[in-house]
Amino acid sequence: MFAPLQNDTFIRACLRQSTTHTPIWLMRQAGRYLPEYRDTRAKAGSFMGLATNTDYATEVTLQPLERFPLDAAILFSDILTVPDAMGLGLSFAIGEGPKFAKTVRDEAAVNALAVPDMAKLQYVFDAVTSIRKALNGRVPLIGFSGSPWTLACYMVEGGGSSDYRLVKTLMYQRPDLMHRILQINADAVALYLNTQIEAGAQAVMIFDSWGGVLADGAFQSFSMDYTRRVLDQVHTEFEGVRIPRIVFTKGGGMWLDDMGTLPCDVLGMDWTVNLAQARAKLGGTHALQGNLDPNALFAQPEQVAALGRQVLDSFGKPHTGEGCGPTHIFNLGHGINQFTPPENVAALVEAVHSHSKTLRA
């Protein structure tokens, strides 16, 4: 059904196998910093109009690959599709973040929650299959979801938040209700990722975007334990092919020892983490992904290239030769900013590819 993979550098690095260069892809690489994306979104009429249309979702996923020799594609979608399928009514206003028409803040709302019928998310799986075919083996396709905790933040708050007061109030006052939300979310996310894999995703990523807002102890109980519940259910292989699983917790650097126990292949790092130290802690168990500050891309192109080389130098020489060892996937420490000059992305990708080859020499 799908063409054989021509560039498997990203998959190999995920599995801690040697590669000729350090693979690079960028969180939110298909998005608002590209003028062609803005043109396609204008045609679609809205963000959800873009995400729910197979042709548009395919087009914008491939746009960054037409510009830059990236080593992976990531499905164009949103982390909040799962709670939308639960009936919470997701919308996006221009210039604003996501909003839910319904919130989950009391016992009745929690009791009404259930793992959604995946048929309500068929538009996502159709996009996965379409993108995988359109890639024609060029690079692997990454599927993704928000983490159970991150989804819960939006479900309780009704949108983004500056202080997470409502979700934390529920967590502290009614931990029983919060655990119930998280159990349902975890089982829904696992089913959602498995269905993406069955539709053609070659790796999957869990975005724990708001895990870092939790206190120590609460992070382990309310975020990491439910990420583990997802991983325990997600395919490690499909049709005889290994499927790497990536976990990214923004603000999670202080919990690397704990996260090193997660049964995933790759741990994503934000820009606050020292890669050399993370490698010393985790290099024997997980590949590392990250972690250039997205705002570094506003420097001059030659400065961007130098900053990219610094990240590679911080990780050091990756594993070479047979077997498995410490490997690195270059990424930003969070999503790319919408005002980023595309020419600076080009400078970064070239610098990562060229410098990472010299590190292996």
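Residues numbered from 1 in each chain as written. Predicted model: local features only at pLDDT ≥ 70, side-chain atom pairs only at ≥ 80, totals over all residues. Heavy atoms only, no water.

Asks: Explain the packing of aromatic side chains here, please?
Replies: What describes a pair of aromatic rings is the distance from one ring centre to the other and the angle between the planes of the rings. Going through the model one piece at a time under the given rule, you end up with eight aromatic pairs. Seen in terms of ring centroids, Tyr 164 and Trp 210 are 5.7 Å apart; in terms of plane orientation they differ by 45 degrees. Their pairing is tilted. Taken together, the positions of Tyr 164 in the loop between α8 (148-157) and α9 (165-173) and Trp 210 in the loop between β5 (203-208) and α11 (218-231) put the pair 46 residues apart, joining distant regions of the chain. Site record: aromatic cluster; members linked through ring pairs are Tyr 37, Phe 47, Phe 76 and Phe 92. (Phe/Tyr/Trp six-rings, centres within 6.5 Å; stacked < 30°, edge-to-face > 60°. Helix = DSSP H or I, 4+ residues; strand = E, 2+ residues; numbered from the N terminus.)

Asks: Can you help me understand the nonpolar core in this one?
Replies: Most often, soluble globular proteins keep nonpolar side chains buried together rather than apart. Core analysis: the largest hydrophobic core is formed by 126 residues, its most contacted members being Phe 10, Met 178 and Leu 348. Here the element with the most residues in this core is helix α10 (residues 175-199); it accounts for 13 residues. The residues touching Phe 10, leaving out its near neighbours within four places in the chain, are Pro 23, Trp 25, Asp 71, Ala 72, Pro 140, Ile 142, Ala 203, Ile 246, Gln 289 and Ile 329. (Core = buried A, V, L, I, M, F, W, Y, C linked by side-chain atoms within 4.5 Å. Buried < 20%, exposed > 50% of the residue type's maximum accessible area, 1.4 Å probe, protein only. Contact = heavy atoms within 4.5 Å.)

Asks: How should the packing of α8 against α9 be read in this particular structure?
Replies: The geometry of a pair of packed helices is captured by two quantities: the angle between their axes and the separation between those axes. One can describe the packing of α8 onto α9 by two numbers: an axis separation of 8 Å at closest approach and a directional angle of 105 degrees. The pairing of α8 with α9 is recorded here as roughly perpendicular in orientation. Mapping the contact onto sequence places Trp 149, Ala 152, Cys 153, Val 156 and Glu 157 in α8 and Arg 165, Leu 166, Val 167, Leu 170 and Met 171 in α9. For the contact of α8 with α9, the residue count by class is eight nonpolar, no polar and two charged. (Axes fitted to C-alpha atoms, helices over the stretch in contact; angles between N-to-C directions. Parallel < 35°, antiparallel > 145°, perpendicular 65-115°, else oblique. Nonpolar A, V, L, I, M, F, W, Y, C, P; charged D, E, K, R; others polar.)

Asks: Looking at this structure, I do not really get the layout of surface pockets. What am I missing?
Replies: Of the volumes computed, that of the largest pocket is approximately 1300 Å³. Residue lining of the largest pocket: 43 residues in total, with Arg 28, Arg 32, Phe 47, Asp 78 and Phe 92 positioned closest to the centre. Looking at the lining of the largest pocket, the element that brings in the most residues is helix α2 (residues 35-44), giving three residues. Residue composition of the lining of the largest pocket, grouped by class: 23 nonpolar, twelve polar and eight charged. Lining the second largest pocket are 18 residues, with Arg 132, Gln 202, Phe 238, Val 241 and Ile 243 sitting closest to its centre. Only α10 and β7 (241-242) provide two or more residues apiece to the lining of the second largest pocket. Among the elements that line the lining of the second largest pocket, the one with the most residues is α10, at three residues. The residue inventory of the lining of the second largest pocket, partitioned by class, reads twelve nonpolar, two polar and four charged. (1 Å grid on protein atoms, 1.4 Å probe; cavity = no way out; pocket = protein on both sides within 12 Å on 5 of 7 lines; lining within 4 Å. Points joined across faces, edges and corners; volume = space filled by probe spheres on them.)

Asks: Can you help me understand unusual backbone geometry in this one?
Replies: Where the residue is not glycine, phi is negative for most of them; where a peptide bond is considered, it is trans in most cases. With an omega of -5 degrees, the peptide bond between Gly 290 and Asn 291 qualifies as cis. With respect to the helices, strands and loops of the structure, Asn 291 is situated in strand β10 (residues 287-292). Phi is positive for Arg 28, which is not a glycine, with a value near 65 degrees. Summarising the element assignment, Arg 28 is placed in the loop between α1 (9-14) and α2.

Asks: Is there a simple way to explain the pairing of β10 in this structure?
Replies: Within a regular strand, the side chains alternate between the two sheet faces. Counting buried positions along β10 yields six of six residues, so the element is predominantly enclosed. By the bridge criterion, three bridges tie strand β9 (residues 266-268) to β10 in an arrangement that is parallel. Bridge pairing in β10 places Leu 267 opposite Leu 288. Summarising the sheet, β10 and strand β11 (residues 328-332) pair through five bridges and their orientation is parallel. The residue of β11 that forms the bridge with Leu 292 is Leu 332. (Pairing = 2+ DSSP bridges.)

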